[in-house]
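Breakdown of the fold
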Amino acid sequence: MLKFVKINQQSPPKRDVDRRKEDFNEIYKDFINEKAKEQSSRCSQCGVPFCQVHCPLSNNIPDWLKLTAEGRLKEAYELSQSTNNMPEVCGRICPQDRLCEGNCVIEQSGHGTVTIGSVEKYITENAWNNGWITSIKVKKEKNFSVGIIGAGPAGLAAAEQLRNFGYQISVYDRYDRAGGLLIYGIPNFKLEKFVVERRINLLKEGGIKFFHNFEVGKNTSLEKLRDQHDAILIATGVYKAREIKLPGNDLENIFPAMEFLTASNKKGLGDKVELFDNGTLNAEGKDVVVIGGGDTAMDCVRTSIRQNAKSVKCIYRRDKENMPGSTREVFNAEEEGVEFVWLSNPKEFLGKNKVESLVVNKIKLGQPDESGRRKPEIQKDSQFSIKTNMIIKALGFDPEDLPNLFGAEDLKVTKWGTLKTNFDTMETNLSGVFAAGDIIRGASLVVWAIKDGRDAAISIRKYLEKKENESKKVA
Ligand SMILES: Cc1cc2nc3c(=O)[nH]c(=O)nc-3n(C[C@H](O)[C@H](O)[C@H](O)COP(=O)(O)OP(=O)(O)OC[C@H]3O[C@@H](n4cnc5c(N)ncnc54)[C@H](O)[C@@H]3O)c2cc1C
Ligand code: SF4
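Residues numbered from 1 in each chain as written. Chains lettered and ligands numbered in written order. Predicted model: local features only at pLDDT ≥ 70, side-chain atom pairs only at ≥ 80, totals over all residues.

Structural notes on the overall build of the chain
Inclusion rule: The numbering of helices and of strands both runs from the N terminus, where a helix is a DSSP run of H or I of at least 4 residues and a strand a run of E of at least 2. Our radius of gyration is a C-alpha quantity, and the globule rule it is checked against amounts to 2.2 Å times the number of residues to the power 0.38. Exposure classification rests on a simple neighbour count of other C-beta atoms within 10 Å of a residue's own: a residue reaching 20 or more is buried, one at 12 or fewer is exposed, and one in between is partly exposed. C-beta atoms are placed from the backbone. What counts as a contact is two residues whose backbone-derived C-beta atoms lie within 7 Å of each other.
In terms of regular secondary structure, the chain is built from 19 helices and 16 strands. Expected size for 475 residues packed as a compact globule is a radius of gyration near 23 Å; at 23 Å, the chain falls within 12% of this value. On the principal axes, the C-alpha backbone points of the chain span a range of 75 × 60 × 45 Å. Residues counted as buried form 44% of the 475 residues belonging to the chain. When contacts within the chain are restricted to residue pairs at least 6 apart in sequence, long-range pairs at least 24 apart make up 70% of them.

Now the structure itself:
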């Protein structure tokens, strides 16, 4: 270990820009064994490992780096998966630059971070290749059942943990596939679908039951589901697209991001998507403008590039330094030919029936607002227009009105519409109804969804054990 003084930081190579723009495959190549060992050996084995402190899952990073450097790859995997249900997903799409790697001590000292995400991906892929990842074998089946609403990372992590404890698990999802945003939001060039499907198949083999095309609120109510199960977990994510109310908003060819990304992901999965096939949701040959500066916006611009758009512009009201999206993704987008129009605020969509241009005001950054970020202020007489025939709005997501949707007026929500949840127990105001992931945090990250799912599983277990003990006393 401690070889950072002699060995330079190295990430797995990226595929050549011109080649990677031609398909939707992941852009990073894998580490070969020797590189993974070598790069892991750069770690200085800190007494207080800031990488671990800044990981929402408290992954035991220094220890599995050491095991990797020593070639003890099975143990490295076992340690890594003991705190994370999907290390191969986090290795690929966590914003490590804001979490573990951004806080690595040798990064702070100017030597370049240990490439933690790439090693995490390597040891998990190696475990899959060696058949070390197997389905859950329940030792003692329990008579209690848990209904999980939502098959995204929060629901899946909770399902796996609870099944490991022996409970009967049913996962309900309104989509036709499990995976949530891992399948229908995040594009293949960041996370290929087989990675998620492989995990889901394993959960099915382990006895977890999945009910697809099953929408709570439509196919059943929360109340009925509570009657069917001993505990419920709500992990439905956030899907209400934030709007900008501008003149011309109702013109054709202006789309919410999820509509565009879901169509593209479904096509990649081999589905028939009429609105894509007839060209409506296909960026090919179009002058695309994406509004927004987060991860979703980056996924939209890079998807448009791969669909052979004529030009792709990203409009964002702050500057590059103040973008909410991962800097790594912004860099990748720039490399792939996306043009960023910083400090610009959309004013009006123009066109006859279909959108033909976007009028934009220039922005200057003023004093910091209550969030600490400098407030965008419109510059006088700065208006200009951008020719476009496809607009994608990626302005973030809010929770749907769950109490109304679920027919559960007594389910309490916060002022932001997220479920009111006790973060110590993950329980909502309804007894035996727990919640996890974006629906309690607002739009967040996969790693936080996994953490919530795991925390909720621990609380649900406690709740069910209490129930079991009480029923024994009565008997
Ligand atoms: C385009 C995009 C890119 C992203 N990129 C990244 C990234 O690179 N890295 C990262 O860490 N995070 C990223 N995120 C965020 C991340 O995907 C989410 O934080 C995470 O998926 C939240 O997990 P979840 O389980 O709470 O919800 P979701 O993944 O949204 O899953 C919720 C599930 O609940 C189901 N559901 C909803 N309502 C009902 C109902 N009434 N009945 C039945 N089922 C229902 C949905 O169909 C869905 O399958 C991205 C998000 C988007 C939109
Ligand atoms: S902070 Fe960096 S050097 Fe320190 S233990 Fe973590 S990975 Fe190793």
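More follows now that the structure is in view.
A few points about helix α16 (residues 327–335)
Put simply, the test is: Working note: the arc is built from the helix axis to C-beta atom directions.
The complete set of buried residues in α16 reads E329, V330, N332 and A333. The buried residues of α16 occupy an angular sector of 160 degrees when the element is viewed end-on, so they sit on one face. Contact partners of the buried residues in α16: α15 (295–306). In the segment just after α16, G337 is the residue with positive phi, at about 105 degrees.

A closer look at the sheet that holds strand β7 (residues 287–291)
What counts, and what does not: At least two DSSP bridges between two strands are needed for those strands to be called paired. Comment: axis = line fitted to C-alpha atoms, over the contacting stretch for helices; angle = value between 0 and 180 degrees taken between N-to-C directions.
Taken in spatial order, the 5 strands line up as β6-β14-β7-β8-β9 in an open sheet, and their pairing is parallel. Edge strands, defined here as strands with exactly one partner in the open sheet, are β6 (254–256) and β9 (339–341). Ignoring strand direction, the axes of neighbouring strands in this sheet form an average angle of 25 degrees. Two strands pair when backbone bridges link them, and β6 and strand β14 (residues 390–393) are joined in this way by 3 bridges, in the parallel orientation. Looking across to β14, one finds that P256 is bridged to K393. Here α15 sits on the sheet and contacts β7, β8 (311–315) and β14; the angle it forms with β8, its principal contact strand, is near 170 degrees.

Comments concerning the site of ligand 1
The condition is simple: Each residue gets a C-beta atom placed from its backbone. If that atom is within 6 Å of a molecule or strand, the residue is near it. Residues are grouped as follows: nonpolar covers Ala, Val, Leu, Ile, Met, Phe, Trp, Tyr, Cys and Pro; charged covers Asp, Glu, Lys and Arg; every other residue, Gly included, is treated as polar. Domain start and stop points were drawn from an automatic or database domain assignment.
Near ligand 1 you find 35 residues, and of these G150, G152, G180, G237 and G437 are the closest. Looking at the shell around ligand 1, the elements with two or more residues in it are α9 (153–164), α15 and α19 (446–474). Residue composition of the shell around ligand 1, by class: 17 nonpolar, 11 polar and 7 charged. Two domains each donate at least three residues to the shell around ligand 1, and these are domain 2 (145–238 + 399–474) and domain 3 (241–396).

Description of the nonpolar core
This is how it is decided: Note on terminology: a nonpolar core is a set of buried residues of type Ala, Val, Leu, Ile, Met, Phe, Trp, Tyr or Cys, with members joined through C-beta atoms within 7 Å.
Formed by 88 residues in total, the largest nonpolar core has its most connected members in I148, A158, L233, F434, A436 and I460. In terms of residue count, the dominant contributor to this core is α19 (9 residues). Counting the residues that make up this core, at least three belong to each of domain 1 (3–129) and domain 2 (145–238 + 399–474). Residues within four places of A436 in sequence aside, it is in contact with A154, A158, L233, A235, M426, A449, D452, G453 and A456. By size, the runner-up hydrophobic cluster in this structure holds 37 residues, among which are A263, V288, I315 and A394.

Regarding the domain arrangement of the chain
When its domains are assigned, the chain resolves into domain 1 (3–129), domain 2 (145–238 + 399–474) and domain 3 (241–396). On a C-alpha basis, the centroid separation for the pair domain 1 and domain 2 is 29 Å. Each side of the interface is counted separately: domain 1 has 17 residues, and domain 2 has 21 residues. The leading source of residues in the side of domain 1 that touches domain 2 is helix α6 (residues 87–93), at 5 residues. Of the residues assigned to the side of domain 1 that touches domain 2, the class counts are 11 nonpolar, 3 polar and 3 charged.

Re the environment of G179
On the secondary structure map, G179 appears in the loop between β2 (168–172) and α10 (181–184). Counting along the chain gives 188 residues from G179 to Q367, while the straight-line C-alpha distance between them is 41 Å. Beyond its immediate stretch of four places on either side in the chain, G179 contacts A151, V196 and I200.

Side note on the packing of helix α13 (residues 257–268) against α15
We count it as follows: To sort the angles, those under 35 degrees are grouped as roughly parallel, those over 145 as roughly antiparallel, those from 65 to 115 as roughly perpendicular, and the leftovers as oblique. Note on convention: the crossing is left-handed when the near helix lies turned anticlockwise from the far helix by less than a right angle, right-handed when the turn is clockwise.
Following both chains from N to C, one finds α13 and α15 inclined at 50 degrees, their axes separated by 10 Å at the closest point. It follows that α13 is oblique to α15 by the angle criterion. Crossing of α13 against α15: the hand is left-handed. Taken together, the residues of α15 that come into contact with α13 (itself represented by A257, F260, L261 and S264) are T296, D299, C300 and T303.

Structural notes on the packing of helix α4 (residues 61–69) against helix α8 (residues 116–129)
How two helices sit against one another is set out by the angle between their axes and by the gap between those axes. Taken N-terminus to C-terminus, the directions of α4 and α8 make an angle of 60 degrees; their axes are 11 Å apart at the nearest point. Considering the angle they form, α4 stands oblique to α8. Of the two possible hands of crossing, α4 and α8 adopt the one that is left-handed. Contact with α4, carried on its side by I61, W64, L65 and T68, involves I116, V119 and I123 of α8 and no other residues of that element.

Looking at the site of ligand 2
By nearness alone, 14 residues border ligand 2, and C43, C46, C51, P62 and C104 come closest of all. Where the shell around ligand 2 is concerned, the elements lending two or more residues are α3 (50–53), α4 and α7 (105–108). Among the residues making up the shell around ligand 2, the classes are represented as 12 nonpolar, 2 polar and no charged.

With respect to the sheet that holds strand β3 (residues 209–211)
Reading across from one edge, β3-β2-β1-β4-β16 is the order of the 5 strands in this open sheet, with parallel pairing throughout. Bordering the open sheet on either side are β3 and β16 (433–435), each of which pairs with just one other strand. Neighbour to neighbour, the strand axes of the sheet diverge by 20 degrees on average, direction disregarded. In this structure, strand β1 (residues 145–149) lies alongside strand β4 (residues 231–234), joined through 4 bridges in parallel fashion. The partner of I148 across the bridge, within β4, is L233. On top of the sheet, α9 reaches β1, β2 and β4; it is set at about 165 degrees to β2, its chief contact. Where α19 meets the sheet, it contacts β1, β4 and β16, and its direction lies at approximately 165 degrees from that of β4.

A closer look at unusual backbone geometry
In this structure, S58 takes a positive phi of about 50 degrees despite not being glycine. Judged by the 13 C-beta atoms lying within 10 Å of it, S58 is partly exposed. A positive phi angle, near 50 degrees, is found at D381, a position not held by glycine. For D381, the location among the structural elements is in the loop between β12 (374–378) and β13 (384–387).

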